[in-house]
Amino acid sequence: VEEVWLQKTADEIKTEYIISGEEQHLIEAKLTRAVSQLELTIKRGYHNGETYVEMPFEEGESIQDIIQKITCDIKNVGNAINMNGGLGSVNTFYESTDAGTLVENGFTHFTGPFVFPNGSKVESEIDIVVTPVAESRYSEMKTTVNGMFERNKKLNVTLWLNATYELIYVSINTDPI
């Protein structure tokens, strides 16, 4: 889906306005995004016993040098939306052969698809596959994560790789779009 904007709740659209006479009247309606979005960041780092610490790349190098494509099989997103929220539950698929957007320290960021939150208000399951470039010495990385797609919020998934590009940790956050 693309961006869809609706009033926040069905109750907001039930307001009645009576306009009479020659006076000017101003009627306002606040619209917000009714969709959610997947965002994926890939970082290299290590665990120092308390938290994950970034391992920046040397200038001119980046994690993008090893990525051929990324795929996300997203299960349990909505198939429609109305004023009361998402409706139904379907699967969708996202693939990017673009290396993403280069971010600080040589890491990469993918802005995934907009999706409708599901009607059951339960977490979605996302199967993520990062395919390395041809003839790479690194193997394909696969993981499955669960997260909640919510109206006007993005589901941020960060994959942490170690120095040999093995998946060591996944963090998930939800932030406003």
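Residues numbered from 1 in each chain as written. Predicted model: local features only at pLDDT ≥ 70, side-chain atom pairs only at ≥ 80, totals over all residues. Heavy atoms only, no water.

Undergrad: Give me the lowdown on the pairing of strand S3 (residues 36-47), citing residues and values where you can.
TA: Within S3, ten of the twelve residues are buried, which leaves the element mostly enclosed by the surrounding structure. Here S3 runs beside strand S10 (residues 107-115); their pairing, made up of six bridges, is antiparallel. Bridging from a neighbouring strand, Ser 36 pairs with Val 115 of S10. Where S3 lies against strand S13 (residues 153-161), eight bridges are found, and the strand directions are parallel. From the neighbouring strand, Gln 37 faces S13, where its bridge partner is Lys 154. Pairing between S3 and strand S4 (residues 52-54): three bridges, direction antiparallel. Considered in S4, the bridge of Tyr 46 is made with Val 53. Two successive antiparallel strands, S3 and S4, enclose a turn made up of four residues, where Gly 49 displays a positive phi of approximately 100°. (Buried < 20%, exposed > 50% of the residue type's maximum accessible area, 1.4 Å probe, protein only. Helix = DSSP H or I, 4+ residues; strand = E, 2+ residues; numbered from the N terminus. Pairing = 2+ DSSP bridges.)

Undergrad: Quick one: what's the story with the sheet that holds strand S11 (residues 124-132), residue by residue and with numbers?
TA: One open sheet holds the four strands; their spatial order is S8-S5-S11-S12, and the pairing between them is antiparallel. Two strands in the sheet have a free side with no partner beyond their single neighbour: strand S8 (90-96) and strand S12 (141-147). Within this sheet the neighbouring strands show an average axis-to-axis angle of 15°, counted without direction. Where strand S5 (residues 67-77) and S8 come together, seven bridges link them in antiparallel fashion. By the bridge assignment for S8, Ile 70 is matched with Ser 96. (Axes fitted to C-alpha atoms, helices over the stretch in contact; angles between N-to-C directions.)

Undergrad: Tell me about the packing of aromatic side chains, and please be specific about residues and values.
TA: Tallied over the entire structure, the rule returns four aromatic pairs. Arranged with centres 4.4 Å apart and planes meeting at 15°, the rings of Tyr 52 and Tyr 169 form a pair that is stacked. Placement of the pair is Tyr 52 in strand S4 and Tyr 169 in strand S14 (residues 167-176), with a sequence separation of 117 residues. Judged by its relative accessible area of 37%, Tyr 169 is partly exposed. Between Phe 57 and Phe 107, the ring centres sit 6.2 Å apart and the planes meet at 75°, which makes this aromatic pair edge-to-face. (Phe/Tyr/Trp six-rings, centres within 6.5 Å; stacked < 30°, edge-to-face > 60°.)

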